[in-house]
Amino acid sequence: MLRVTAIETEQAFEELRAEWTHLLQESSSDTVFLTWEWAMSWWTSYGSGKRLYILKVEDDGRLIALAPLYRSTWRPLGILAYRRLHLIGDGSWDSDYLDFIATTGDERRAVQAIVTFLLDHRREWDILLLNEIPQCSENLKLLRDQLRQHARFWIETEVGCTYAPLPTDWHDYLKGLKPRMRTKIRSLTTRLEQGFSVRFDCCEQPDELPERFDSLFNLHHQRWQGKSQDGVFGSAAKRQFYKEIARRLLAAGWLRFYSLAVDGCYVAHEYCLEYQNRLFLLQEGFDPRWEEHGVGNVLRAYVFRDCINRKVVGYDFLGGITAHKLSWGGTPKTSVRLTVALPGVKTRLLFGLQRARALTVRGLKSILPKALIEIMRRASAGPAIA
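Report on the accompanying structure. None of these values were measured; they are calculated from a predicted model. (Residues numbered from 1 in each chain as written. Predicted model: local features only at pLDDT ≥ 70, side-chain atom pairs only at ≥ 80, totals over all residues. Heavy atoms only, no water.)

## Let's talk about the packing of helix α2 (residues 17-25) against helix α3 (residues 36-46)
A packed helix pair is summarised by two numbers, namely the angle formed by the two axes and the spacing between the axes. At a closest axis distance of 9 Å, the pairing of α2 and α3 adopts a crossing angle of 130°. For the element pair α2 / α3, the angle class is oblique. Only Trp36, Glu37 and Ala39 of α3 make contact with α2, whose side of the interface consists of Arg17, Trp20 and Thr21. (Axes fitted to C-alpha atoms, helices over the stretch in contact; angles between N-to-C directions. Helix = DSSP H or I, 4+ residues; strand = E, 2+ residues; numbered from the N terminus. Parallel < 35°, antiparallel > 145°, perpendicular 65-115°, else oblique. Contact = heavy atoms within 4.5 Å.)

## What about unusual backbone geometry?
Residues other than glycine seldom take positive phi values, yet Trp93 does so here, at roughly 65°. Along the chain, the position of Trp93 falls in the loop between β6 (82-87) and β7 (101-102). In the Ramachandran plot, Asp263 falls in the positive-phi region, its phi being about 50° despite a non-glycine side chain. Tracing the chain through its elements places Asp263 in the loop between β11 (255-262) and β12 (265-275). Judged by relative accessible area, Asp263 falls into the partly exposed class, the value being 48%. (Buried < 20%, exposed > 50% of the residue type's maximum accessible area, 1.4 Å probe, protein only.)

## Comments concerning helix α7 (residues 179-195)
Along its 17 residues, α7 runs 24 Å from first to last C-alpha, staying within 8% of the 24 Å computed at 1.5 Å per residue. Those residues of α7 that sit buried are Met181, Arg182, Ile185, Leu188, Thr189 and Leu192. All buried residues of α7 lie within an arc of 145° about the axis, which places them on one face of the element. Across α7 from its buried face, at more than 90 degrees, point the exposed residues Pro179, Arg180, Thr183, Arg191, Gln194 and Gly195. Considering only its buried residues, α7 is in contact with α6 (170-175), β10 (198-202), β11, α10 (295-309) and α11 (323-327). (Expected span 1.5 Å × (residues − 1). Arc of directions from axis to C-beta.)

## Quick word on the packing of aromatic side chains
Throughout the structure, instances matching the rule amount to 31 aromatic pairs. Ring centres of Phe33 and Tyr97 lie 6.3 Å apart, and the angle between their planes is 65°; this geometry places the pair in the edge-to-face category. Within this pair, whereas Phe33 is found in the loop between α2 and α3, its partner Tyr97 is found in the loop between β6 and β7, the two being separated by 64 residues in sequence. With 5.8 Å between their ring centres and 40° between their planes, Phe213 and Tyr271 make a pair best called tilted. (Phe/Tyr/Trp six-rings, centres within 6.5 Å; stacked < 30°, edge-to-face > 60°.)

## Focus on the pattern of salt bridges
Under the counting rule described, the total for this entry stands at 29 salt bridges. We note a salt bridge from Asp59 to Arg62, for which the minimum N-O separation is 4.0 Å. Take Arg62: its relative accessible area is 42%, and that puts it in the partly exposed class. Two residues, Asp106 and Arg109, come together in a salt bridge whose shortest N-O distance is 3.1 Å. Taking relative accessible area as the criterion, Arg109 reaches 37% and is therefore assigned partly exposed. The network of salt bridges with shared partners includes Arg3, Glu19, Lys56 and Glu58. (Salt bridge = Lys/Arg side-chain N within 4 Å of Asp/Glu carboxyl O.)

Written out as structure tokens, the structure is:
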């Protein structure tokens, strides 16, 4: 018989590490963003004001599934408080490919047990947010089968990601690109190497991290400051998370913090994670003063070549599909952001107001100038529900 319990303390979360790791390795959801190291680092950095709600599914004492959730409170109307359940990792725009974790072959029983638990404890939550789940997830398919019939509101939004499969030979990779892109990579690399002293390397020791982080944060800030925008590293929590996860992932052998130096000074960085023989690009930064030399593209070319030489099978750009990512041989794939709410007065009021606002905006768009509509939107915008 299956038993579901909720883990709500950090100590219990800490003690779950070995079981969590073994379960993930036995699941079809095995990605770096679902590792205990990632989840714990994320919680340490972003958990303030939130409450753990990790659902643990056991079959006669054997762990067969985890729903790594946390709870938050949201007051969109300033009066009513809505209790939301999120996947650990969601909410900071750092994590992709989130999901439940279940032993392969046990997904149906596990998801059914989790859904039953959530329905039995419906007084403890108002909105379930399951964001960044891969469209191909078996757990997502089962949730549609087992939870949707109980939901009053069910909203799915697709989000694109870009993944570049890598061949086993660098020249074969270049041949697969469009001629203009192939020429661009060769030209930028040759000009930089002939005109300057160029060093490409990857962080190997913990004592190398502080200097690289200082440079990454500074270059990222310079780039976005030039666009009159704030970069993500303006947040202290964001900087803490990147440092925390780097320490854990370097120890596990999963960190690939690449850097490009010209004449002894860093001009570009790629902060990547390598897991299950795939590379994931988390963040990057380059010196805008070196933009005309294409240092960001040169660094990416070095990174791709390094991956191919080490037999890494793919480079994942993660969220977003752009012409630039596609030009590197990327192909689109899809994840899902899912919002679920059960019947109730509070949820009916919330979603009713959301729909009314959307209808009002569509009506106003037909009669008011676009600039005025944008001013009104910014003035009334609040946190999204999904």
